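Summary of structural features
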Amino acid sequence: SRIFITNEVVIRRCVAAKATWVVELDERIPQKYAMYLSTDATAETGSITLTDPTTKGGVWTAGIDIGGGCSTSGNKITVRRAGNYAINVAGVNRTSITTNNSRFGCLLQKSATSGAVLLEMLQWIPAVSGYLDCAAAIIAPLVADDYVFYQFASDQGSRGLYALNNYRTSFGVLEILP
């Protein structure tokens, strides 16, 4: 079944006339997903226009994919089952910030049809600066086949995303099992 990962086991026992069940053994494997940018995303439109890194030459690499939910070409992570998840996002601009009071940020949206921003980190840069790391984390409920996808933006435009192969520009999802 799509709900289970290979080698997972859940044993339930009926305790009251086929009506009440208890879990005797729960050996589910937590879903773990992490993708990092392995090729720079070269630009984005200004005015805080949300941009998918893969549309600007960015390439994702799946560093951890326990559960088969990473889509490097689709810029997203899809969960297999309902539950609570620890979710994180991080990013660093590729080109130096050159204007005072600029903004740069990265965010995760939940399932494109909902349009809901799940997690966001938007930094104000009060003075001219070089590079800015942004990162955020949250615990949130997701249902089966929900997915999160990465976007970034700046009000200067053409800042891009830096790929450092060490998860500085990345996102991840970890299932929290009871």
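Figured I'd write up the structure that's included with this text. What you see is a predicted model, and the numbers here were worked out from it, not measured in a lab. (Residues numbered from 1 in each chain as written. Predicted model: local features only at pLDDT ≥ 70, side-chain atom pairs only at ≥ 80, totals over all residues. Heavy atoms only, no water.)

**Observations regarding the overall build of the protein chain**
Convention followed: We count a stretch as a helix when DSSP gives it H or I for four or more residues in a row; a strand needs E for two or more, and each element gets its number in order from the N terminus. Whether a residue is buried, partly exposed or exposed follows from its accessible area with a 1.4 Å probe, protein chains only, as a fraction of its type maximum: under 20%, in between, or over 50%, in that order. The contact criterion used throughout is that any non-hydrogen atoms of two residues lie within 4.5 Å. We get accessible surface area from the Shrake-Rupley algorithm with a probe of 1.4 Å; when it comes to residues, only the shown protein chains can shield them. Positive: Lys, Arg. Negative: Asp, Glu. His and the chain ends are not part of the count. Where a charge sits is defined by one atom per residue type, namely NZ (Lys), CZ (Arg), CG (Asp) or CD (Glu).
Counting its secondary structure elements, the protein chain contains zero helices and twelve strands. Secondary structure elements of the protein chain occur, N-terminal to C-terminal, as β-β-β-β-β-β-β-β-β-β-β-β. With 178 residues in all, the protein chain has 39% of them scored as buried. Intrachain contacts of the protein chain at a sequence separation of at least 6 include 71% that bridge at least 24 residues. When the accessible surface of the protein chain is totalled, it reaches about 8800 Å², and 53% of it is carbon and sulfur. Averaging the positions of the 15 positive and the 14 negative side-chain charges in the protein chain gives two centres separated by 3 Å.

**Concerning the sheet that holds strand β12 (residues 170-176)**
To be explicit about the condition: Strands are treated as partners if at least two bridges between them are detected by DSSP. Lines are fitted to the C-alpha atoms to define the axes, a helix being fitted only along its stretch in contact, and any angle between axes, read from their N-to-C directions, falls within 0 to 180 degrees.
Pairing is antiparallel across the open sheet formed by five strands, whose spatial order is β4-β3-β12-β7-β10. Each end of this open sheet is capped by a strand with a single partner; those strands are β4 (59-66) and β10 (133-142). Neighbour-to-neighbour, the strand axes of this sheet turn through a mean angle of 15 degrees, independent of strand direction. Direction of pairing for strand β3 (residues 32-39) relative to β4: antiparallel, over a ladder of seven bridges. The partner of M35 across the bridge, within β4, is A62.

**Structural notes on the nonpolar core**
The criterion, for reference: Put simply, buried Ala, Val, Leu, Ile, Met, Phe, Trp, Tyr and Cys residues joined by side-chain atoms within 4.5 Å make one nonpolar core.
Ranked by internal contacts, the top residues of the largest apolar core, which has 28 residues, are I77, I87, L108, Y150, F171 and V173. Among the elements that make up this core, the one with the highest residue count is β10 (four residues). When residues no more than four places from it in sequence are discounted, the contact partners of V173 are Q31, K32, Y33, I77, V79, Y85, A86, I87 and V148.

**With respect to unusual backbone geometry**
For N7, which is not a glycine, the phi torsion comes out positive at approximately 75 degrees. Its place among the elements puts N7 in the segment before β1 (9-16). Relative accessible area serves as the criterion here: at 67%, N7 is assigned to the exposed category. At D145, a residue that is not glycine, the phi angle is positive and equals roughly 75 degrees. Topologically, D145 is positioned in the loop between β10 and β11 (147-154). Looking at D145, the relative accessible area reads 46%, which means it is partly exposed.

**Describing the environment of D26**
In plain terms, the rule: The definition of a polar contact used here is a pair of N or O atoms within 3.5 Å, where within protein one atom must be able to donate a hydrogen and the other to accept one, and adjacent residues in sequence count solely through side-chain atom pairs.
Examined against the element boundaries, D26 turns out to sit in strand β2 (residues 20-27). In this structure D26 comes out as partly exposed when scored by relative accessible area, which is 37%. Apart from residues lying up to four places away in sequence, D26 is in contact with V9 and V10. Reaching out from D26, the side chain makes a polar contact with the side chain of R28 at a distance of 2.9 Å.

**With respect to a nonpolar patch on the surface**
Filter applied, for reference: For patch detection, residues must exceed 30% relative accessible area and be free of salt bridges, and they are connected within 9 Å for like charges or within 5 Å for nonpolar side chains (Val, Leu, Ile, Met, Phe, Trp, Tyr). Salt bridges, as used here, are contacts in which a Lys or Arg side-chain nitrogen is within 4 Å of a carboxyl oxygen on Asp or Glu.
Taken together, I3, F4, V10 and V23 make up a surface patch of nonpolar side chains, about 320 Å² in accessible area. Residue placement: I3 occurs in the segment before β1.

**Things to note about the pattern of salt bridges**
A full pass over the atoms with the stated rule returns six salt bridges. The shortest N-O distance in the salt bridge between E24 and R13 comes to 2.0 Å. Here E24, found in strand β2, pairs with R13, found in strand β1; they are eleven residues apart in sequence, far enough to count as distant. Taking the relative accessible area as the measure of exposure, R13 reaches 42% and is therefore partly exposed. Notably, a salt bridge pairs R81 with E175, separated by 2.8 Å at the nearest N-O pair. One end of the pair, R81, is in the loop between β6 (76-78) and β7 (83-92); the other, E175, is in strand β12, and 94 residues separate them in sequence. By the burial criterion, R81 is buried, and E175 matches it. Three or more residues joined by partner-sharing salt bridges are found here, namely E8, R81 and E175.

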